[in-house]
Amino acid sequence: MTAREDWWYDEAAGPLVRPYAMVRGRTRPNAPHLHLVTQVRASSFTSDQTSLTVEHREIMALCARPLSVAEVAAYLDVPLIVVKVLLSDLIERGDVIVQNSSPHIPDRDLLQAVLDGVRGI
């Protein structure tokens, strides 16, 4: 590659694509119920994937088995908000199904008791 052609490529990091470019400048997902532990999986009935971006297709491939939103972000190595925006696109299309939209958060007193017990060990 010539210097003019490889401005977007870094030897150590590979191709450089800014996160806002992946989501076309959007900063909020259309599906606000996506949490770190929300389980998502690809639908068995997907729509035409020719209009999807590479990132959308990667998510579809990853979600062949249920994964949490945090796992998808880790596998793609992109910020969590980017994954939430991309997942919300796929949810709207019906390509991805949300399996657990409201995680159970334990009581604060219970968490404190566990923490105290661990500290006591």
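Residues numbered from 1 in each chain as written. Predicted model: local features only at pLDDT ≥ 70, side-chain atom pairs only at ≥ 80, totals over all residues. Heavy atoms only, no water.

For the protein chain, the name recorded in an unreviewed UniProt entry is DUF742 domain-containing protein, with Lentzea indica as its organism.

Asker: Explain the overall build of the protein chain to me, using residue names and the numbers behind them.
Answerer: Along the protein chain, the regular secondary structure elements total five helices and five strands. Helices (α) and strands (β) of the protein chain occur, in sequence order from the N terminus, as β-β-α-β-α-β-α-α-β-α. Relative to its 121 residues, the protein chain shows a buried fraction of 27%. Partitioning the contacts of the protein chain with sequence separation of at least 6, the portion at a separation of at least 24 is 72%. Here the protein chain displays about 8300 Å² of accessible surface, and carbon together with sulfur accounts for 56% of that area. (Helix = DSSP H or I, 4+ residues; strand = E, 2+ residues; numbered from the N terminus. Buried < 20%, exposed > 50% of the residue type's maximum accessible area, 1.4 Å probe, protein only. Contact = heavy atoms within 4.5 Å. Areas by Shrake-Rupley, 256 points an atom, 1.4 Å probe, with all protein chains shown as cover.)

Asker: Summarise the packing of helix H2 (residues 54-62) against helix H3 (residues 69-76); cite the residues concerned and give the values.
Answerer: Following both chains from N to C, one finds H2 and H3 inclined at 120 degrees, their axes separated by 11 Å at the closest point. Taken together, the axes of H2 and H3 lie oblique to each other. Crossing hand, H2 versus H3: right-handed. Here Glu58, Ile59 and Leu62 of H2 come into contact with H3, specifically with Val72, Tyr75 and Leu76. When the residues that make up the contact of H2 with H3 are grouped by side-chain class, the tally is five nonpolar, no polar and one charged. (Axes fitted to C-alpha atoms, helices over the stretch in contact; angles between N-to-C directions. Parallel < 35°, antiparallel > 145°, perpendicular 65-115°, else oblique. Left-handed = near helix turned anticlockwise from the far one by under 90°. Nonpolar A, V, L, I, M, F, W, Y, C, P; charged D, E, K, R; others polar.)

Asker: Requested: an account of the sheet that holds strand E3 (residues 39-42), with residues and values cited.
Answerer: With antiparallel pairing, three strands are arranged side by side in an open sheet as E4-E3-E5. Pairing within the sheet leaves two strands with one partner each, and these edge strands are strand E4 (67-68) and strand E5 (96-98). Taken together, the two bridges between E3 and E4 define a ladder with antiparallel strand orientation. Bridge pairing links valine 40 to leucine 67 in E4. (Pairing = 2+ DSSP bridges.)

Asker: Describe in detail the pattern of salt bridges, supporting the description with residues and values.
Answerer: Considering all chains together, one arrives at one salt bridge under this definition. A salt bridge links arginine 93 to aspartate 95; the nearest nitrogen and oxygen atoms lie 2.8 Å apart. Residue classification places aspartate 95 among the buried residues on the basis of a relative accessible area of 0%. (Salt bridge = Lys/Arg side-chain N within 4 Å of Asp/Glu carboxyl O.)

Asker: Can you break down the packing of H2 against helix H4 (residues 80-93) residue by residue, with the values?
Answerer: Packing of H2 against H4 brings their axes to within 10 Å, and their N-to-C directions diverge by 75 degrees. With respect to H4, the element H2 is oriented roughly perpendicular. In contact with Glu55, His56, Ile59 and Met60 of H2, H4 contributes Leu86, Leu87, Asp89 and Leu90. Tallied by class, the residues present in the contact of H2 with H4 amount to five nonpolar, one polar and two charged.

Asker: Please give an account of the environment of isoleucine 81 that cites residues and values.
Answerer: Tracing the sequence through the fold places isoleucine 81 in helix H4. Exposure remark for isoleucine 81: the relative accessible area of 39% places this residue in the partly exposed category. As a C-alpha pair, isoleucine 81 and valine 69 span twelve residues in sequence and 9.9 Å in three-dimensional space.

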